[in-house]
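Inside the fold
Spelled out, the chains give:
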Amino acid sequence: MRSHLLNDTTTEHYRRSVIQGVERVAATLAATERPFTGVTPDALAPSIDAVDLDRPLGDTASALEELESVYLRDAVYFHHPRYLAHLNCPVVIPAVTAEAVLSAVNSSLDTWDQSAGATLIERRLIDWTAARIGLGPAADGVFTSGGTQSNLQALLLAREEALARGADPARLCVLASECGHFSVQKSAGLLGLPADAVVTVACDASRRMRPDALADALTRCAREGRTPMAVVATAGTTDFGSIDPLPAVADLAARHGVWLHVDAAYGCGLLVSPTRRHLLDGIEHADSVTVDYHKSFFQPVSSSALVVRDQAVLRHATHHSDYLNPRRAVAERIPNQVDKSLQTTRRFDALKLWMTLRVMGADGVGTLFDEVLDLAEAGWRILDADPRFEVVTRPALSTLVFRWVPPGHRPGGTAAASVPVPAPGIGSGSDTRSGHVSALDAANLHARKALFASGRAVVAGTTVHGRHYLKFTLLNPQTTAADIAAVLDLLAGHAEAHAHLGETLVHV
Ligand SMILES: *Cc1c(COP(=O)(O)O)cnc(C)c1O
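My aim in this report is to walk through the structure given alongside it, one point at a time. Bear in mind the structure is a predicted one, so any value in this text is a computation, not a measurement.

A word on the overall build of the chain. The helix and strand tally for the chain stands at 16 helices and 12 strands. The C-alpha atoms of the chain give 24 Å as radius of gyration, which agrees with the globular expectation for 508 residues (23 Å, within 12%). Here the chain holds 508 residues, and 50% of them are scored as buried. In the chain, 76% of the contacts between residues at least 6 apart in sequence involve partners at least 24 apart. Accessible surface, the chain as shown: approximately 22700 Å² in total, 56% of it carbon and sulfur. Between the mean site of the 46 positive side-chain charges and the mean site of the 55 negative ones, the chain shows a separation of 3 Å.

Okay, structure coming up:
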């Protein structure tokens, strides 16, 4: 069994095994005609259940052969130009190379004595990101597993800062827009905030937080004796890609002395955009920022960071342990990243971004992101001109939310003005309403499911004002306007077939 341990005596086995894996993936990618096979959980489960985990196959080639049928054949492939569903990007090759390096060396970023150079590389990348944001000389931060963890840590720091100023924990609240990410709500629960702690701020028709609504909410909180511990602005909402008016929001947060967190999990790609960096103007006023490199920097999962304006606040995440990061290490100036992180053992995910910047450069990444933003604009024009569909709003980033409408039901005027702002409530919520699904909702729901089952394209769904909508999240520069048009034809075909099957459309 020792031949399977990676060390100085097994490098040949290592080389052969990894190359076999790489060859297998390369062959699969080259032959993938659809983003998905359409397999159902029930159809796939038996082959995975049938694997006897107590009877090993003994060699890589056999295990890879088996992997073909239990995973690779039916995986959902984000690199395919007709995968248009969630915030998953195709990944860049330098990052995949880095992934192979970092798992083989297996540094753990908790302490210097487990990571050496890796710690310094991560620190450089945090400094680089903070400089791109414009956070100033005292900025710091740490890589995390994703935007959810980054948001949780941001709110933890904000809570501790509020408590340090004497706030009553039972009176704390967080202000976020109705289009904010659900992890804000989840974090509030994890942090033990009161059940009603997240105060929802209304959005305008473009799904941006309304500064007047934020001002009202801040005043109301004060009147009710509540202490806002953070305003969460979103730079790129998950459904609409909308960017809250950061300068106005920052101004209000500053006037009320409230921590400003900017959730740029999606919009962070603008930090490297050669043409659209200005869309993030105002982000430099944040106290903390969430960035997901695994969304708009074309990095493999996981790759995310929390960046803060003032490194001192990271002490709220510090715990000194005699065996790992004793207090004296601070005096000895030993850089232990665990002092800043919610995690202990932690992957060297930063290496992926490092390799990407060293091979392609920031402009290279930003150009790819620009390409998908241009594509989204083209997609919006296609949808807006297509009488079969109604599109909610012009994209600020790269999502398009729309629905199929039967002939003769399309509202007049521009689509942007025609769809009401959704009812209050963080995120878009569940996609069923008390069991009642109108025929129009049913046709859109069916179109998405039928398309998924066909495997010819994958799109997402969401609700707007309680109604079913379809969603494209465009993150693949290989996707073309022709792909978008073709997928719309497929969706319309499924929706029409369903509508004709059912009774006449009465609920619109
Ligand atoms: C995706 C997303 C998150 C959550 O990030 P994960 O990496 O999935 O944990 C948070 N906020 C926004 C705006 C997002 O789009």
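Now for the side chain of Thr479. Mapped onto the fold, Thr479 is located in the loop between strand S12 (467-473) and helix H16 (481-501). The class of Thr479 is buried, set by a relative accessible area of 5%. For Thr479, the side chain forms a polar contact with the main-chain oxygen of Pro81, separated by 2.7 Å. Dropping the residues within four chain positions of it, Thr479 is found in contact with Pro81, Leu84, Leu375 and Ile484.

This brings us to the pattern of salt bridges. Overall, the coordinates contain 31 salt bridges when judged by the stated rule. The shortest N-O distance in the salt bridge between Arg24 and Glu65 comes to 2.7 Å. Residue Arg24 is found in helix H1 (residues 11-31), and its partner Glu65 is found in helix H3 (residues 60-72); the two are separated by 41 residues along the sequence. When its relative accessible area of 48% is taken as the criterion, Glu65 is described as partly exposed. We note a salt bridge from Arg226 to Asp196, for which the minimum N-O separation is 3.5 Å. One end of the pair, Arg226, is in the loop between helix H8 (211-223) and strand S5 (227-234); the other, Asp196, is in the loop between helix H7 (182-190) and strand S4 (198-201), and 30 residues separate them in sequence.

The next subject is the layout of surface pockets. In this model, the largest pocket occupies a volume close to 1200 Å³. Breaking the lining of the largest pocket down by element, the ones donating at least two residues are H1, H3, helix H4 (93-105) and helix H10 (293-296). Taken together, the residues of the lining of the largest pocket break down into 25 nonpolar, 7 polar and 2 charged. There are two domains that each give the lining of the largest pocket at least three residues, and those are domain 1 (2-77) and domain 2 (108-360).

A cluster of nonpolar side chains, contributed by Leu6, Tyr14, Val18 and Val22, occupies part of the molecular surface with about 330 Å² of accessible area. Mapped onto the fold, Leu6 is located in the segment before H1.

Right, let's get into the site of the ligand. Gly147, Thr148, Asp263, Asp292 and Lys295 are the nearest of the 14 residues found near the ligand. Within the side chain of Thr148, an N or O atom sits 2.6 Å from an oxygen atom of the ligand. Lys295 places a polar side-chain atom, nitrogen or oxygen, 3.0 Å from an oxygen atom of the ligand. Calculation on the ligand without its partners gives an accessible area of 380 Å², and the protein chains cover 86% of this total. Elements that contribute at least two residues to the shell around the ligand include exactly helix H6 (147-164) and H10. The element best represented in the shell around the ligand is H6, accounting for 3 residues.

Attention now moves to the side chain of Thr399. Residue position: Thr399 is located in strand S10 (residues 399-404). At 3.4 Å, the side chain of Thr399 and the backbone nitrogen of Gly241 are in polar contact. Ignoring any residue separated from it by four or fewer positions in sequence, one finds Thr399 in contact with Thr238, Asp239, Phe240, Gly241, Tyr266, Phe472 and Thr473.

Okay, the packing of helix H5 (residues 117-133) against helix H12 (residues 350-359) next. For any two helices packed against each other, the geometry comes down to the angle between their axes and how far apart the axes lie. At a minimum axis separation of 9 Å, H5 and H12 run at an interaxial angle of 65°. Compared by their axis directions, H5 and H12 come out roughly perpendicular. Of the two possible hands of crossing, H5 and H12 adopt the one that is left-handed. Listed contacts from H12 to Ile121, Glu122, Arg124, Leu125 and Trp128 of H5 are Ala350, Leu353, Trp354 and Leu357. Taken together, the residues of the contact of H5 with H12 break down into 7 nonpolar, no polar and 2 charged.

The rules behind each value
Residues numbered from 1 in each chain as written. Predicted model: local features only at pLDDT ≥ 70, side-chain atom pairs only at ≥ 80, totals over all residues. Heavy atoms only, no water. Helix = DSSP H or I, 4+ residues; strand = E, 2+ residues; numbered from the N terminus. Rg over C-alpha atoms; globule rule 2.2 N^0.38 Å. Buried < 20%, exposed > 50% of the residue type's maximum accessible area, 1.4 Å probe, protein only. Contact = heavy atoms within 4.5 Å. Areas by Shrake-Rupley, 256 points an atom, 1.4 Å probe, with all protein chains shown as cover. Lys, Arg positive; Asp, Glu negative; His and termini not counted. Charge placed at Lys NZ, Arg CZ, Asp CG, Glu CD. Polar contact = N/O pair within 3.5 Å; in protein donor to acceptor, adjacent residues only side chain to side chain. Salt bridge = Lys/Arg side-chain N within 4 Å of Asp/Glu carboxyl O. 1 Å grid on protein atoms, 1.4 Å probe; cavity = no way out; pocket = protein on both sides within 12 Å on 5 of 7 lines; lining within 4 Å. Points joined across faces, edges and corners; volume = space filled by probe spheres on them. Nonpolar A, V, L, I, M, F, W, Y, C, P; charged D, E, K, R; others polar. Domains from an automatic or database assignment. Patch = residues over 30% accessible without salt bridge, like charges linked within 9 Å, V, L, I, M, F, W, Y side chains within 5 Å. Near = heavy atom within 4 Å. Axes fitted to C-alpha atoms, helices over the stretch in contact; angles between N-to-C directions. Parallel < 35°, antiparallel > 145°, perpendicular 65-115°, else oblique. Left-handed = near helix turned anticlockwise from the far one by under 90°.

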